[in-house]
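The residues making up each chain are set out below.
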Amino acid sequence: MAKKKGKSKSKGAMKGCNIKNGCKSKKGGLTAKGRRMINRKTGSKLKAPQPGGGARKRSYCARSAGQMKKFPKAAKDPNSRLRKARKYLGIGEPTAAQYAMADALQNGPNDMQLQAGRGFGKSVITACLVSWFLLKDHNSTVLVVSATANKATEFISMTRRILDLVPYCSHLRPKDSDSDNAFAFNVGCRDKVGQDKSCYARGITSQITGSHAEYVVGDDIEIEGNCETANARSKLLNKVSEFEQIRNVGGRVIFLGTPQIRDSIYNQLRDGYPVTKFPAVIPDKNNPTECEDVNPWVWETGLPTGAPTQPERFPDEVLYERQAKIGPRLFALHYKLDTSLADAEKYPLRLADLLVLDLSPDLCPEKIVWANSVPMRRVPSFGMAGDVIYEPMWVSE
């Protein structure tokens, strides 16, 4: 006898949460029972609101006001999409740096690259932006591409969770008849039928040709394992070039990531996709590689060189500890967004280390002083990007 199929697993944390079973109030908010159910399903820590005031509300408002002072634009929009989404996600008030990143994503170039220190929350902020795209137009499609499909599904999961927990996104939650899994989902109110899902994930090496989307998000498509050789970078660049064929007219392409070497594909894409950086520490103005493409907000903070740009999450002691554990090369790469030390370790012999000058076949100078201040223009340099031959500082007679 055939086994009777049970009911399908509930889709979304809000599934089964309604007024009849007492999980929602008539005003649309969650009751104590509803909060317990959501916390049990998602691991969140939702607590009762405090409309009349209380210690938790005062603490939250104080933190909000402090971050808004550091990023004045946020004060003009206290009900911003980012604040609301993070509130319902239970991850607290955005920091000033996160407000600045959100502003760069929303008001920056249409096609762009956002580079930020590890743990700055750039993927979560972009997931909030993607949910806002779907809120503006429920027929929009978003393709998320990462170095691996598993990484891309993490982004999809965060976007899906936002739709579950934010009340005014309830109409976007997939219905029972809609596609809804780890790799893709369709919004519930979508009325435009197509082969592409509302939001779907792919690995960069998977089949993406033939896909179409209004918005393409490249989340960490370059990692240390897929960019070590010129051939590997060339293959990766060819896959990324497909984004322009995927993106529908009027859409956007956004890259999130960290260059692994100077010849990174991110650096090769900068002409068509401008870069804005949010390092974890204030760059050294005497070091051009640290200062390159840094977002203006970083300088507007007025903090001294080496000070943390997001002290709420990464104070000095945390950054010092991480630098001691992972070493200066990885710290410069992941927190300063500077590839110079990574290149120096991978390629210890460079053109800049050489002494090049015209010599007589019969006589040579007794002393030569090396320097790296005046590039030698008359000799072509075929080294890595930024590696050139320099004139000696002084040559004896």
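Here, the structure is the one placed above.
Draft legend 1. Broad picture of the environment of F314. Topologically, F314 is positioned in the loop between helix 12 (296-300) and helix 13 (316-334). For the pair formed by F314 and G119, sequence separation is 195 residues and the distance between their alpha carbons is 8.9 Å. The residues touching F314, leaving out its near neighbours within four places in the chain, are R118, G119, F120, P308, L319 and R322.

Draft legend 2. Main features of the packing of aromatic side chains. One pass over the structure, following the stated rule, counts nine aromatic pairs. Geometrically, the ring pair formed by F133 and Y215 is stacked, given 3.8 Å between the ring centres and 5° between the ring planes. Here F133 is found in helix 6 (residues 122-136), whereas its partner Y215 is found in strand 5 (residues 213-219), with 82 residues between them in sequence. Y215 shares its class with F133; the two are buried. Geometrically, the ring pair formed by F255 and Y266 is edge-to-face, given 6.5 Å between the ring centres and 70° between the ring planes. You can see F255 sitting in strand 6 (residues 247-256) and its partner Y266 sitting in helix 10 (residues 265-268), a full eleven residues away along the chain. An aromatic cluster is present here, built from F120, F314, F331 and Y335 joined pairwise through their rings. Stacked on the ring of Y88, the Lys or Arg K87 has its end atom at 5.6 Å from the ring centre. Positioned above the aromatic ring of W132, the side-chain terminus of K136 is 4.2 Å from the ring centre.

Draft legend 3. Examining the pattern of salt bridges more closely. Summed over all chains, the structure comprises eleven salt bridges. Notably, a salt bridge pairs E321 with K325, separated by 2.9 Å at the nearest N-O pair. Here the residue E321 and the residue K325 both occupy positions in helix 13, the gap between them amounting to four residues, near one helical turn. Residue classification places E321 among the partly exposed positions, given a relative accessible area of 44%. For the salt bridge of R378 with E391, the shortest nitrogen-to-oxygen distance reads 2.7 Å. Here R378, found in the loop between strand 8 (368-369) and strand 9 (394-395), pairs with E391, found in the loop between strand 8 and strand 9; they are 13 residues apart in sequence, far enough to count as distant. Given a relative accessible area of 49%, R378 falls into the partly exposed group. Classification of E391 as partly exposed rests on a relative accessible area of 22%. The structure contains a network of salt bridges with shared partners spanning D111, E244 and R247.

Draft legend 4. Quick look at the sheet that holds strand 2 (residues 142-146). Strands sit in the order 3-4-2-5-6-1-7 across an open sheet of seven strands; the sheet is mixed. Edge positions in the sheet fall to strand 3 (184-185) and strand 7 (275-278), since each of these pairs with one other strand and no more. Bridge count between strand 2 and strand 5: five bridges; the pairing is parallel. Bridge pairing in strand 5 places L143 opposite V216. Sitting on the sheet, helix 6 touches strand 1 (112-116), strand 2, strand 3, strand 4 (199-203), strand 5 and strand 6, and the angle it makes with strand 6 is about 165°.

Draft legend 5. Quick look at the packing of helix 4 (residues 81-89) against helix 6. Running from N to C, helix 4 and helix 6 point in directions that differ by 110°, and their axes come no closer than 10 Å. In terms of their interaxial angle, helix 4 and helix 6 are classed as roughly perpendicular. In contact with R81, L82, A85 and R86 of helix 4, helix 6 contributes V124, I125, C128, S131, W132 and L135. Partitioned by chemical class, the residues of the contact of helix 4 with helix 6 number seven nonpolar, one polar and two charged.

Draft legend 6. Region of the structure containing the pairing of strand 6. In terms of burial, strand 6 is a largely internal element, seven of the ten residues being buried. Inspection of the sheet shows strand 1 paired to strand 6 by three bridges, in the parallel sense. Residue pairing for strand 6: L114 is matched across the bridge by L256. When strand 5 meets strand 6, the two strands line up parallel, connected through six bridges. Counterpart to D219 in the pairing with strand 6 is L256.

Reading the values: rules and limits
Residues numbered from 1 in each chain as written. Predicted model: local features only at pLDDT ≥ 70, side-chain atom pairs only at ≥ 80, totals over all residues. Heavy atoms only, no water. Helix = DSSP H or I, 4+ residues; strand = E, 2+ residues; numbered from the N terminus. Contact = heavy atoms within 4.5 Å. Phe/Tyr/Trp six-rings, centres within 6.5 Å; stacked < 30°, edge-to-face > 60°. Buried < 20%, exposed > 50% of the residue type's maximum accessible area, 1.4 Å probe, protein only. Lys NZ or Arg CZ within 6 Å of the ring centre and 35° of its normal. Salt bridge = Lys/Arg side-chain N within 4 Å of Asp/Glu carboxyl O. Pairing = 2+ DSSP bridges. Axes fitted to C-alpha atoms, helices over the stretch in contact; angles between N-to-C directions. Parallel < 35°, antiparallel > 145°, perpendicular 65-115°, else oblique. Nonpolar A, V, L, I, M, F, W, Y, C, P; charged D, E, K, R; others polar.

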